[in-house]
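Working through the structure, step by step
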Amino acid sequence: ITIRLARVEDLQAMQNANLNNLPENYTLKYYLYHLLSWPQASFVATTTDPELVDQDDEFAVETQKQDSQYVGKGEKVVGYVLGKMNDDADSTDDTPHGHVTSLSVMRTYRRMGIADKLMRQCLYALCETFKARYVSLHVRESNRAALHLYKDTLQFEVISIEKSYYQDGEDAYYMKKNLHLDE
Ligand code: ACO
């Protein structure tokens, strides 16, 4: 598994992964907005299946093209994190801070530490490149796996509960983690 910066060529595979893994979906334009505005803040986890790299095998090449996670040269996107800096004009907090819009890992690749790595890269970039002082996110109250990751592995804190934040009426935890610049 490789973690690298997300590129425009990955956007379709990122959107597909999001559609597979989460009920909160976004337009391709919104993904592109992230990449154009904060090109250092979004990452993908990819795998290169050696059996799929053989470009002489026409059957293999056709199989790759049909795989919605395939981004070329035998590489498949198996997870992503979409990060941004706060750009909410209504925000009352003028401290520069980042926000994780979306994170997900394809089912068969879970519990391998991929989300942890994606998040750490994203937090590092938000802090180092964009001078974010903290990073925030929303997560469903019922999302045990993600809550575990944020709270226990990454030491995010629950700041508040946002009632009926999601379209189906579920509440969200609004979470924050302070970031420290090594000055
Ligand atoms: N149950 C309990 N804890 C879990 C679980 C689980 N099923 N999965 C991950 N964790 C926690 C653990 O603390 C784990 O550490 P450990 O393995 O040392 O115990 C830690 O998270 C790190 O696990 P990773 O292997 O890095 O996590 P993974 O790559 O499996 O991805 C994720 C976790 C992103 C939540 C994945 O389950 C997923 O894609 N779920 C569906 C989409 C989703 O819920 N995304 C988050 C929405 S919130 C947002 O986008 C801001």
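Under an unreviewed UniProt entry, the chain has the name N-acetyltransferase domain-containing protein and belongs to Eeniella nana. Here the chain is described in UniProt, under the heading Sequence similarities (unreviewed entry), as follows: "Belongs to the acetyltransferase family. ARD1 subfamily."

Attention shifts here to the site of the ligand. If you check the shell around the ligand, you find 24 residues, and the closest are Arg110, Ala115, Ala145, His148 and Leu149. For the shell around the ligand, the residue count by class is 12 nonpolar, seven polar and five charged.

Our focus in this paragraph is the environment of Ala115. Assignment of secondary structure puts Ala115 in helix H4 (residues 114–128). Expressed as a C-alpha distance, the spacing of Ala115 and Val81, which sit 34 residues apart in the sequence, is 8.0 Å. If we ignore the near neighbours within four places in the chain, the residues touching Ala115 are Gly79, Leu103, Val105 and Leu149.

We now examine the confidence of the model for the chain. Averaged over all residues, the pLDDT of the chain is 91; the fraction at 70 or higher stands at 91%. ipTM for the predicted complex: 0.97, alongside a pTM of 0.93.

Here we take up the nonpolar core. Met14, Tyr80, Val81, Leu118, Cys122 and Leu126 are the most contacted members of the largest nonpolar core, which has 38 residues in total. Per-element accounting of this core gives the leading share, nine residues, to H4. Non-local contacts of Val81, meaning those with residues more than four positions away in its chain, are made with Ser42, Phe43, Val100, Leu103, Leu118, Met119 and Cys122.

Helix-helix packing is described using two parameters, namely the angle between the two axes and the distance between the axes. At a minimum axis distance of 10 Å, the contact between helix H1 (residues 11–21) and helix H2 (residues 28–37) shows a crossing angle of 120°. As judged from the angle between their axes, H1 and H2 are oblique. For H1 against H2, the interelement crossing comes out right-handed. Between H1 and H2, the residues in contact are Leu11, Met14 and Gln15 and Leu28, Tyr31, Leu32 and Leu35, respectively. For the contact of H1 with H2, a count of residues per class yields six nonpolar, one polar and no charged.

Rules and cut-offs
Residues numbered from 1 in each chain as written. Predicted model: local features only at pLDDT ≥ 70, side-chain atom pairs only at ≥ 80, totals over all residues. UniProt positions renumbered as here; feature names shortened; annotations may be inferred. Near = placed C-beta within 6 Å. Nonpolar A, V, L, I, M, F, W, Y, C, P; charged D, E, K, R; others polar. Helix = DSSP H or I, 4+ residues; strand = E, 2+ residues; numbered from the N terminus. Contact = placed C-beta atoms within 7 Å. pLDDT = per-residue confidence, 0-100. Core = buried A, V, L, I, M, F, W, Y, C linked by C-beta atoms within 7 Å. Buried ≥ 20, exposed ≤ 12 C-beta atoms within 10 Å, placed from the backbone. Axes fitted to C-alpha atoms, helices over the stretch in contact; angles between N-to-C directions. Parallel < 35°, antiparallel > 145°, perpendicular 65-115°, else oblique. Left-handed = near helix turned anticlockwise from the far one by under 90°.

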